[in-house]
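# Analysis of the macromolecular model
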Amino acid sequence: MSTQDASMTVGEIPVPPDDSASSLPSVLTTLVWLGWFVCLSLLTLHIGFERTWAWAGIVMLDGLTLVMWTTATFFSGIVHSYSCRYMMGDRHIDAFFGRIFVFTVAIMVLVAADHVALFAAAWAAMGWLMAGLIGHVREWEQARRSASMARRYFGASSLLVAIAVAVLAWTTGTSAISEIGANVAAISATPRAIAIGALVLAAMIQSALVPFHTWLLSSMTAPTPASALMHAGFVNAGGILLLRFARVVSIDPVSMGLIVAIGAVSALLGKLLKSVRADVKRQLGCSTIGQMGFMLMQAGLGFFAAAIAHLILHGCYKAYLFLSSGEQVEHANPRPSKREHSMGMLGWLTSLVAAVAGGAIFVFLTGKGTQDSGLLLTLLVVLTTFHAARSGVRYTSVSGAIRYLVVPLVFLPTIAIYASMYVGISGILSSSLPVVTEPAELTLFHAIVGGLFVLAYLAIETEIYQKSERLYVELLNATRPPSDTVLTSKEAYREY
């Protein structure tokens, strides 16, 4: 029988003998869930009694800290629980669980740090640990090269953060992040520009925005639970960085406009890059690039609380997609995975009505989308809802008129949840970070960026861009990580 004809069977998961089985995975999983319960309790106390805890300019437990602690431990608890079975039989299982647990601790230290040195150290530790997870399977040369590549990117990001906080601490005369924002107006133009530029670049690298997205597309050697933690938590650090230093980056309208432009480019390119990928995990990676672009746009518009709400919802969605990505793989003859319906006039009308209704719901619940930069944010909500509704009308398995009724009923409540989370997080953060309630002033630059964004978005939705073979080749090349980081041997997968 030839190799091609040999049938593949799935055997039992290899379990070590009882006397050699480690209890570390279950112990760390229990600790993470206990941590989540404690964080949720502290967040409840903060909301109910407006309690904030701080220790001598070293650590500060404010609204942002408690929201992100609760979110991070929740995602980490899911990944820990999932990994207990997924990683069973792995020869380095204790090292894996040790890394994801300490990685969770590093995130918690990062969002709680009020001293610039502690913040920079936690940022560097987070990158170092994630690079270790990317290269978890040491027997794969591709995994080692991917980890090495990630360390270079994360090392550059850590250096930029160190430069930014050092400049800010030196020029303001304080090492406390909470006090730097109050004194940032006294910083002269040059050091302020250096600090803001370093912060924005560090956020772009960590969130895998274009052109720093290659490390994310090369990270697929990581075990799937590590990828879920990466896309649900690690890439979100760029948004946390900008929010923690919101008073610094928002003091300069030019910088905020640049952040909007950078976010718009990545949001659009992420969508385009995803369209040329066939493999599930890199499709999800390209989707993350686009979603982080949207996050940066929201921050650049001054809607920092909306950016945090976006990160939380994106984390939930992306963690689910990665942990369920195995369901997309079948040992069967290729066949269309989705039934595509034609987009007639009724389909376009349904999508348009859903988009306008989504924008109206957002404006009604937040009261923020009718003036200043809120107009551009509402436009983003309308475009996003239109895209989601259009995809639903085209690919939903339900046929007939029911499809046109189900689509709005699914997507409009999602917009309501996003708007409600934005309002809730704004309330939680407003006492410690008043800047989150101050949207940027709408300028001609914003209008130009918004107009170009709409034109590019329409080109994507109408699929006009697909007529260019050169564009297809450029996009395909942009999604190809270095060849020495790509594992193509099926036998290697079976062995490790």
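Report follows, based on the coordinates. It should be emphasised that the depicted structure is a prediction, and the values quoted were computed from it without experimental measurement.

A separate point is the overall build of the protein. The helix and strand tally for the protein stands at 20 helices and two strands. In the protein, buried positions account for 50% of the 496 residues. Residue pairs in contact within the protein that sit at least 24 positions apart in sequence constitute 79% of those at least 6 positions apart.

Looking now at helix α3 (residues 93-112). Given 3.6 residues per helical turn, the α-helix brings residues three or four places apart onto the same face. Along its 20 residues, α3 runs 29 Å from first to last C-alpha, staying within 8% of the 28 Å computed at 1.5 Å per residue. All of the buried residues along α3 are I93, F96, F97, I100, F103, T104, A106, I107, M108, L110, V111 and A112. Each element contacted by the buried residues of α3 is listed here: α1 (24-49), β2 (59-61), α2 (63-86), α4 (116-134), α9 (224-234) and α10 (237-244).

Now for empty space enclosed by the protein. Under the criterion given, the structure shown has one cavity of 30 Å³ or more. Around the largest cavity, the lining is made up of 16 residues, and of these M68, A72, I107, A232 and G233 lie nearest the centre. Secondary-structure elements contributing two or more residues to the lining of the largest cavity are α2, α3, α9, α10 and α14 (304-323). Of the residues that constitute the lining of the largest cavity, the class distribution is twelve nonpolar, four polar and no charged.

Omega for the peptide link from V210 to P211 comes to 10 degrees, which places this bond in the cis form. With respect to the helices and strands, the residue P211 is situated in the loop between α7 (189-206) and α8 (214-217). In this structure, A208 takes a positive phi of about 60 degrees despite not being glycine. As for its placement among the helices and strands, A208 is situated in the loop between α7 and α8.

All right, on to helix α5 (residues 141-172) then. Between the first and last C-alpha of α5 there are 46 Å, a value that for 32 residues agrees with the 46 Å anticipated at 1.5 Å per step. Where α5 terminates, the next one or two residues include G173, which has phi positive at roughly 75 degrees.

A separate point is the packing of α3 against α9. Across the interface, α3 lies against α9 with an axial gap of 12 Å and an inter-helix angle of 5 degrees. The pairing of α3 with α9 is recorded here as roughly parallel in orientation. On α9, the residues that touch F96, I100 and F103 of α3 are P225, A226, L229 and F234. Here the residues of the contact of α3 with α9 are counted per class, giving seven nonpolar, no polar and no charged.

With that settled, consider the side chain of S157. Its place among the elements puts S157 in helix α5. Under the relative-accessibility criterion, S157 is labelled buried at 0%. Apart from residues no more than four positions distant in its own chain, S157 is found in contact with W123, A202, I205 and Q206.

Residues L444, I448, L452 and L455 make up a contiguous nonpolar surface patch of about 450 Å² in total accessible area. Structurally, L455 can be placed in helix α18 (residues 444-461).

Let's shift gears to the environment of W348. Topologically, W348 is positioned in helix α15 (residues 345-366). Measuring from C-alpha to C-alpha, the distance between W348 and R390 comes to 7.2 Å, with 42 residues separating the pair along the chain.

On to the pattern of salt bridges, then. One pass over the full model with this rule turns up two salt bridges. Of the charged contacts in the structure, one is a salt bridge between D62 and R244, with a shortest N-O distance of 3.0 Å. Within this pair, whereas D62 is found in the loop between β2 and α2, its partner R244 is found in helix α10, the two being separated by 182 residues in sequence. Grouping residues by exposure puts D62 and R244 together as buried. The residue R145 makes a salt bridge to E141 at a minimum N-O spacing of 3.0 Å. Of the two residues, R145 and E141 are both situated in helix α5; the distance of four residues between them amounts to about one turn of the helix. On the basis of relative accessible area, E141 is assigned to the partly exposed category, the value being 41%.

All told, the structure shown has 15 aromatic pairs when counted by the stated rule. Centre to centre, the rings of F154 and W215 are 4.8 Å apart; their planes meet at 75 degrees, and the pair counts as edge-to-face. You can see F154 sitting in helix α5 and its partner W215 sitting in helix α8, a full 61 residues away along the chain. Taken as a pair, F154 and W215 share a single burial class, namely buried. On the numbers, 5.7 Å between centres and 85 degrees between planes, the contact of W215 with F234 is edge-to-face. Here F234 lies in helix α9 and W215 lies in helix α8, a separation of 19 residues in the sequence. An identical accessibility class is assigned to W215 and F234; each is buried. Aromatic rings pair up to connect W33, W36, F74 and F75 into one cluster.

Next up on the list: the nonpolar core. Grouped together as the largest cluster of nonpolar side chains are 132 residues, with contacts concentrated most on W69, F119, M126, L241, F245 and F453. Excluding residues that lie within four positions of it along the chain, F119 makes contacts with L110, A113, V161, I177, L241, R244 and F245.

Between helix α13 (residues 280-300) and α14, the least distance of the axes is 8 Å, while the angle of their chain directions is 170 degrees. By the angle between their axes, α13 is roughly antiparallel relative to α14. Between α13, through K281, L284, S287, T288, Q291, M292, F294, M295, Q298 and A299, and α14, the contact on the second element is made entirely by F304, A306, A307, H310, L311, H314, K318, L321 and F322. Split into classes, the residues belonging to the contact of α13 with α14 amount to eleven nonpolar, six polar and two charged.

Criteria and thresholds
Residues numbered from 1 in each chain as written. Predicted model: local features only at pLDDT ≥ 70, side-chain atom pairs only at ≥ 80, totals over all residues. Heavy atoms only, no water. Helix = DSSP H or I, 4+ residues; strand = E, 2+ residues; numbered from the N terminus. Buried < 20%, exposed > 50% of the residue type's maximum accessible area, 1.4 Å probe, protein only. Contact = heavy atoms within 4.5 Å. Expected span 1.5 Å × (residues − 1). 1 Å grid on protein atoms, 1.4 Å probe; cavity = no way out; pocket = protein on both sides within 12 Å on 5 of 7 lines; lining within 4 Å. Points joined across faces, edges and corners; volume = space filled by probe spheres on them. Nonpolar A, V, L, I, M, F, W, Y, C, P; charged D, E, K, R; others polar. Axes fitted to C-alpha atoms, helices over the stretch in contact; angles between N-to-C directions. Parallel < 35°, antiparallel > 145°, perpendicular 65-115°, else oblique. Patch = residues over 30% accessible without salt bridge, like charges linked within 9 Å, V, L, I, M, F, W, Y side chains within 5 Å. Areas by Shrake-Rupley, 256 points an atom, 1.4 Å probe, with all protein chains shown as cover. Salt bridge = Lys/Arg side-chain N within 4 Å of Asp/Glu carboxyl O. Phe/Tyr/Trp six-rings, centres within 6.5 Å; stacked < 30°, edge-to-face > 60°. Core = buried A, V, L, I, M, F, W, Y, C linked by side-chain atoms within 4.5 Å.

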